[in-house]
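Listed below are the residues making up each chain.
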Amino acid sequence: MTEHDPPSIHLSVLLADPSLGLRQVAGPAEDRRIGTVGTTEIEDPTPYLVGGELLLTAGVRLPPDADGIDTYVARVVAAGVAALGFGVAPVHEEVPAELVAACDRHGLPLLRLPPHTPFVAVGRATYAAIAEARNRDLKTVSQAQSALASAAARPDALQAVLTQLTAHTGTWAVLYDDRGNELFRAGRRPPEPVPGLLRDLAVRTTTARPATGRAASGPPPPSAAAHHHDGAHLTVHTLPGADGTTTLALGQAAATAALPLVHRQVTSTATVLLSLLTSPRHALNTDSHSVGALVRLMLGATPAEVAPALVPSEHPGHDHWVVVHGRQDPHHRSARAARRGEDPAQLATLGTALGTPYLHIDGPVLRALVPGAPGTRPRAPAQAAALGWTLGFSDPSPAADLPRADARAERALQRAIAAGVPAVVHEATAPAVHGLVSPADAREFARARLAALDRAGPPGAAVLLGTLRTWLTFHGSWDRTAAELQVHRNTVRHRMTRVAELLGADLQDPAVRMELWFALEWLSEDDF
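Reading the values: rules and limits
Residues numbered from 1 in each chain as written. Predicted model: local features only at pLDDT ≥ 70, side-chain atom pairs only at ≥ 80, totals over all residues. Heavy atoms only, no water. Helix = DSSP H or I, 4+ residues; strand = E, 2+ residues; numbered from the N terminus. Buried < 20%, exposed > 50% of the residue type's maximum accessible area, 1.4 Å probe, protein only. Areas by Shrake-Rupley, 256 points an atom, 1.4 Å probe, with all protein chains shown as cover. Salt bridge = Lys/Arg side-chain N within 4 Å of Asp/Glu carboxyl O. Expected span 1.5 Å × (residues − 1). Pairing = 2+ DSSP bridges. Axes fitted to C-alpha atoms, helices over the stretch in contact; angles between N-to-C directions. Contact = heavy atoms within 4.5 Å.

A.B. asks: Tell me about the overall build of the protein chain, and please be specific about residues and values.
C.D. replies: Check the secondary structure of the protein chain and you find 18 helices and 18 strands. Counting every position in the protein chain, which comprises 528 residues, the buried fraction comes to 44%. Total accessible area on the protein chain is roughly 26,400 Å²; 56% of this is exposed by carbon and sulfur atoms.

A.B. asks: Quick one: what's the story with the environment of glutamate 93, residue by residue and with numbers?
C.D. replies: With respect to the helices, strands and loops of the structure, glutamate 93 is situated in the loop between β6 (83-87) and α3 (97-106). Judged by relative accessible area, which is 66%, glutamate 93 ranks as exposed. In sequence terms glutamate 93 and proline 115 are 22 residues apart; their C-alpha atoms lie 9.2 Å from each other.

A.B. asks: Before we move on, can you summarise the pattern of salt bridges with the specific residues and values?
C.D. replies: In the structure shown here, the tally under the stated rule is 18 salt bridges. When the shortest N-O distance is used, the salt bridge between aspartate 406 and arginine 367 registers 3.8 Å. Of the two residues, aspartate 406 sits in helix α13 (residues 402-419) while arginine 367 sits in strand β15 (residues 365-372), which places them 39 residues apart along the sequence.

A.B. asks: Can you explain α13? Please cite residues and give values.
C.D. replies: Taking 1.5 Å as the rise per residue, α13 with 18 residues should run 26 Å; its terminal C-alpha atoms sit 25 Å apart, in good agreement. Those residues of α13 that fall on the buried side of the exposure criterion are Leu402, Ala405, Asp406, Arg408, Ala409, Arg411, Ala412, Leu413, Gln414, Ala416, Ile417 and Ala418. Positive phi appears at glycine 420, one or two residues downstream of α13, with a value of about 70°.

A.B. asks: If you had to explain the sheet that holds strand β7 (residues 110-113) to someone new, which residues and values would you point to?
C.D. replies: Read from one edge of the open sheet, five strands run β2-β7-β6-β5-β4, paired in mixed fashion. Because the sheet does not close on itself, it has two edges, and the strands there are β2 (23-26) and β4 (36-39). Each strand axis lies, on average, 30° off the axis of its neighbour in the sheet, ignoring direction. Bridge count between β4 and strand β5 (residues 53-57): four bridges; the pairing is parallel. From the neighbouring strand, glycine 38 faces β5, where its bridge partner is leucine 55. On the sheet, helix α4 (residues 119-152) packs against β4, β5, β6 and β7 and is oriented at approximately 165° with respect to β4.

A.B. asks: Before we move on, could you go through unusual backbone geometry and cite the residues and values that matter?
C.D. replies: Among all residues save glycine, negative phi is the norm, and among peptide bonds the norm is trans. Cis geometry is adopted by the peptide bond preceding proline 90, which originates at alanine 89 and carries an omega value of 5°. Of note, proline 90 is situated in the loop between β6 and α3. Here the bond from glutamate 192 into proline 193 is cis, since omega is 10°, no more than 30 degrees from zero. Note on placement: proline 193 falls in the loop between β9 (182-186) and α6 (194-207). At alanine 89, a residue that is not glycine, the phi angle is positive and equals roughly 65°. Mapping alanine 89 onto the fold places it in the loop between β6 and α3.

Okay, here's the thing in structure tokens:
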């Protein structure tokens, strides 16, 4: 199972459950993975199958002859069914011999369900086992990430990270340079030829990347590679240097043909940390150009004047910037760890994932500036979602337009939160309502339409405006607004009643909601 596969369990988990009384009566003994349970009593269920099912039937419409049963089994095998469960009684007193023979012939595991086992009980047991396995994996990943973060803060950080990676994945881990020299290693060294094959794979992967300034041609070089040898799984992840070249690689050798999801997630975290620890300038540091830009800004220079000094040397010509806004789920493990000061790698991980040192995190709020080029589309890093962050991206904008890009990033974040997706990128589409009104007139309208809130008592205009924006974002949902603001739903109702009274507005009128939404979009932060 990879990180893109749905959660599943091994068939042996169900066979070992004494409350179900399942018994395999045909098919191979291989321990297949079950992702879902389906029940069918139609002659051809294949249009309704997605693959990976434990398909249950009592044989109500089972073909009466051997040829028909053979066709039925061949169809469900072709549809990707993982196993077939046959419930005996009341239709059939026992599993038909023709079905047993067909499942043996087509390599489909066939389970016998005793009369006392309802199909619903099998489904319930399957989903409970999947949830338990998923929770167990999440706990394992959480513990491994915490251990890796602590290791990254040690004086011998590189060796400590490799040691923790090995402890949580059971692999032999090596940090190579681009010539295949073993700089650091941890874990039990496997017998030859595995170390030599892993070294060769690391050298091929690192040297496949072009040097700085070389014209790009053909497909992009790989950032990771894998190889199988006699039951061993070899993987290499490259660690990019400060100038975009690759001189280091993380190699792993696992004594298994397939890597589990936990292994991949823990390795991903370790790769990020090693990239930070081996980069001369990473997300936790700045260089002299950045410091000089800050000094000039504090002495009166405009953002447009200092922005060119902030563009990284590996991105010449990137004279535009992407503004990123983020909000972290307060219930996520990483958020709780950050409040306790136990997650020193989170800032570095996000900075590296976003590709910028210009990152600020204040509690659950994130803002970042990412160098970009006109016409490019920002990409949301998977690491951010893994840490519980929801992100909104502006389109690439010149430094002079950063205030408006900041507003677009906030709108994108609000859309992402409302849709329940990890990230939303603002699309610079053509003519919209915003373009029909001049900025000055729009702001004047917004100030006039919302001016009454400035006379509100506690909790104040800013709180009421925030509540109104969130409530409109969630299309008037009291519960989702309360959850986002972390207040009781009655508090939301009280605030929105106060807003309606002060503005003299019927908030159930779609036209009023649209008018207020535009006013909020045109409102400047320093208006209230």
